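Architecture at a glance
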Amino acid sequence: MAKYQNILVAIDPNQDDQPALRRAVYLVKKNGGRIKAFLSIYDFSYEMTITSPDERTVMRQGVISQRAAWIGEQCHAYLNDGIPIEIKVVWNNRPFEAIIQEVVSARHDLLLKMTHQHDRLESVIFTPTDWHLLRKCPCPVWMVKDQPWPEGGKAIVAVNLSSEEPYHDPLNIKLVSETIDLAKRVNQTEVHLVGAYPVTPINIAIELPDFDPSVYNDAIRGQHLIAMKKLRQQFQLGEQFTHVEKGLPEEVIPDLAEHLQAGVVVLGTIGRTGISAAFIGNTSEHVIDHLKCDLLVIKPDDFECPLTSEDIDEHDDEE
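Residues numbered from 1 in each chain as written. Predicted model: local features only at pLDDT ≥ 70, side-chain atom pairs only at ≥ 80, totals over all residues. Heavy atoms only, no water.

Quick look at the overall build of the chain
When helices and strands are counted, the chain shows ten helices and eleven strands. For the chain, buried positions account for 50% of its 319 residues. For the chain, the proportion of contacts with a sequence separation of at least 24, taken over those separated by at least 6, is 78%. Surface summary for the chain: the accessible area is close to 16,000 Å², and the carbon and sulfur share equals 50%. (Helix = DSSP H or I, 4+ residues; strand = E, 2+ residues; numbered from the N terminus. Buried < 20%, exposed > 50% of the residue type's maximum accessible area, 1.4 Å probe, protein only. Contact = heavy atoms within 4.5 Å. Areas by Shrake-Rupley, 256 points an atom, 1.4 Å probe, with all protein chains shown as cover.)

Printed below as a string of structure tokens:
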């Protein structure tokens, strides 16, 4: 059964061009499914100037209707092309909670949201809402860069090869299998795996005169190469599609993504503590800060959304 059949697109309220919607339409054309174009809006000035509850309700509905009509204009060509798109606008002053609530209640299996690119650094800028979604949204989150997909863009899956924790292996397998499946269904995109291994700790080399850094590096690299070979063989991937590099993940992964002209980097999470990409601590949050391409974050099977029903208020003022 094909994944990503019930797609939620978080609409950017500040511009007419919607790269996330465009990417979702492309996925539906290739993979089937349906789209919901979703927008959470709130204007504090209305709440302050209009005191009557009835007047506030009318005002909200008016603003919601206007924004829904505006989204309809963005979707017009896609709807005429036969793409199934539902439009939904809600009044909520915490967009990430509104989005997660919609994901949970409508059982969406993929969220797409646009990110902006820093003009000078070319890296992607993530807002607080973006970070909340990456850490807490129960379904995969695809952050779409507001630049065209590179010609022949590849998919890079960041995997953990240290096997220090029991959840790493099943998460690696899930990341690779879902990425390969999507690549085959969509456009036969090349899938590459990347793992980073640490450099020799300087303090050890200084404190232990008999310590041989080269032997240590060779041993660590050898362990990672064996683990990578085992992983790639499970998916019949050629050695040329796997990369084991020395260095910090936040340096290795963005550098390889740029070298291969990747269209998307796929990372994993380990649960409530936030993005980890199955690396030690939260180093992958630094990885994300250095990326210049799309990002797809996939949760493990046992992921539990840290937002409870009590955390998310119910909002009925919607269209």
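Details of the packing of helix α1 (residues 19-31) against helix α3 (residues 53-80)
Taken N-terminus to C-terminus, the directions of α1 and α3 make an angle of 15 degrees; their axes are 11 Å apart at the nearest point. Judged by the inter-axis angle, α1 sits roughly parallel to α3. Remark: the crossing between α1 and α3 carries right-handed chirality. Packed against α1, whose contacting residues are Leu21, Arg22 and Val25, the element α3 presents Gln74, Cys75 and Tyr78 at the interface. (Axes fitted to C-alpha atoms, helices over the stretch in contact; angles between N-to-C directions. Parallel < 35°, antiparallel > 145°, perpendicular 65-115°, else oblique. Left-handed = near helix turned anticlockwise from the far one by under 90°.)

Remarks on α1
For α1, spanning 13 residues, the distance from its first C-alpha to its last is 18 Å, which sits close to the expected 18 Å at 1.5 Å a residue. Along α1, the residues that are buried comprise Pro19, Ala20, Leu21, Arg23, Ala24, Val25, Leu27, Val28 and Asn31. Positive backbone phi, approximately 80 degrees, marks Gly32, located one or two places after α1. (Expected span 1.5 Å × (residues − 1).)

Observations concerning the packing of aromatic side chains
Considering all chains together, one arrives at two aromatic pairs under this definition. Each ring, one from Tyr42 and one from Trp91, has its centre 5.5 Å from the other, and the planes form 55 degrees; the classification is tilted. Note that Tyr42 is positioned in the loop between β2 (34-41) and α2 (44-49) and Trp91 in strand β3 (residues 85-91), a separation of 49 residues in sequence. Classification of Tyr42 by relative accessible area gives partly exposed; the value is 35%. Among the residues examined, Trp91 registers a relative accessible area of 3% and is labelled buried. Here the aromatic rings of Phe126 and Trp131 are separated by 5.6 Å at their centres, their planes lie at 45 degrees, and the arrangement is tilted. The class for Phe126 is buried, based on a relative accessible area of 13%. Just above the ring of Trp70 sits the side chain of Arg67; from NZ or CZ to the centre is 4.4 Å. The cationic tip of Lys299 hangs over the ring face of Phe303; the distance from NZ or CZ to the ring centre is 5.5 Å. (Phe/Tyr/Trp six-rings, centres within 6.5 Å; stacked < 30°, edge-to-face > 60°. Lys NZ or Arg CZ within 6 Å of the ring centre and 35° of its normal.)

Quick notes on the packing of helix α4 (residues 95-106) against helix α5 (residues 128-136)
Running from amino to carboxyl end, α4 crosses α5 at an angle of 35 degrees, the nearest separation of the two axes being 9 Å. Here α4 runs over α5; the crossing is right-handed. Judged by residue contacts, Pro95, Phe96, Ile99 and Ile100 of α4 engage Thr129, His132, Leu133 and Lys136 from α5. Counted by class, the contact of α4 with α5 contains five nonpolar, two polar and one charged residues. (Nonpolar A, V, L, I, M, F, W, Y, C, P; charged D, E, K, R; others polar.)

Points about the side chain of Glu97
By secondary structure assignment, the location of Glu97 is in helix α4. Within the local environment of Glu97, its side chain forms a polar contact with the side chain of Arg94, the two groups lying 3.0 Å apart. (Polar contact = N/O pair within 3.5 Å; in protein donor to acceptor, adjacent residues only side chain to side chain.)

Quick look at the confidence of the model for the chain
Mean pLDDT over the chain: 83, with 80% of residues reaching 70 or higher. The least confident element of the chain, judged by mean pLDDT, is helix α7 (residues 202-207) at 58; the most confident is strand β1 (residues 6-10) at 98. In this model residues 272-281 is a low-confidence stretch, pLDDT under 50, and it forms 36 contacts with partners more than four residues away in sequence or in other chains. Every residue in residues 315-319 scores below 50 in pLDDT, and together they form 20 contacts with partners more than four places removed in sequence or on other chains. (pLDDT = per-residue confidence, 0-100.)

Focus on unusual backbone geometry
The phi dihedral of Arg107 is positive, around 55 degrees, even though this residue is not glycine. Mapping Arg107 onto the fold places it in the loop between α4 and β4 (110-117). Judged by its relative accessible area of 72%, Arg107 is exposed. Non-glycine residue Gln236 carries a positive phi angle of around 55 degrees. The residue Gln236 is located in the loop between α8 (213-234) and β9 (242-246) in this model.

Observations concerning the environment of Ala24
Position of Ala24 among the secondary structure elements: in helix α1. Here the alpha-carbon distance between Ala24 and Tyr4, two residues 20 residues apart in the chain, equals 9.7 Å. If we skip the residues at most four places from it in the chain, Ala24 touches Ile7, Val9, Ile35 and Leu112.

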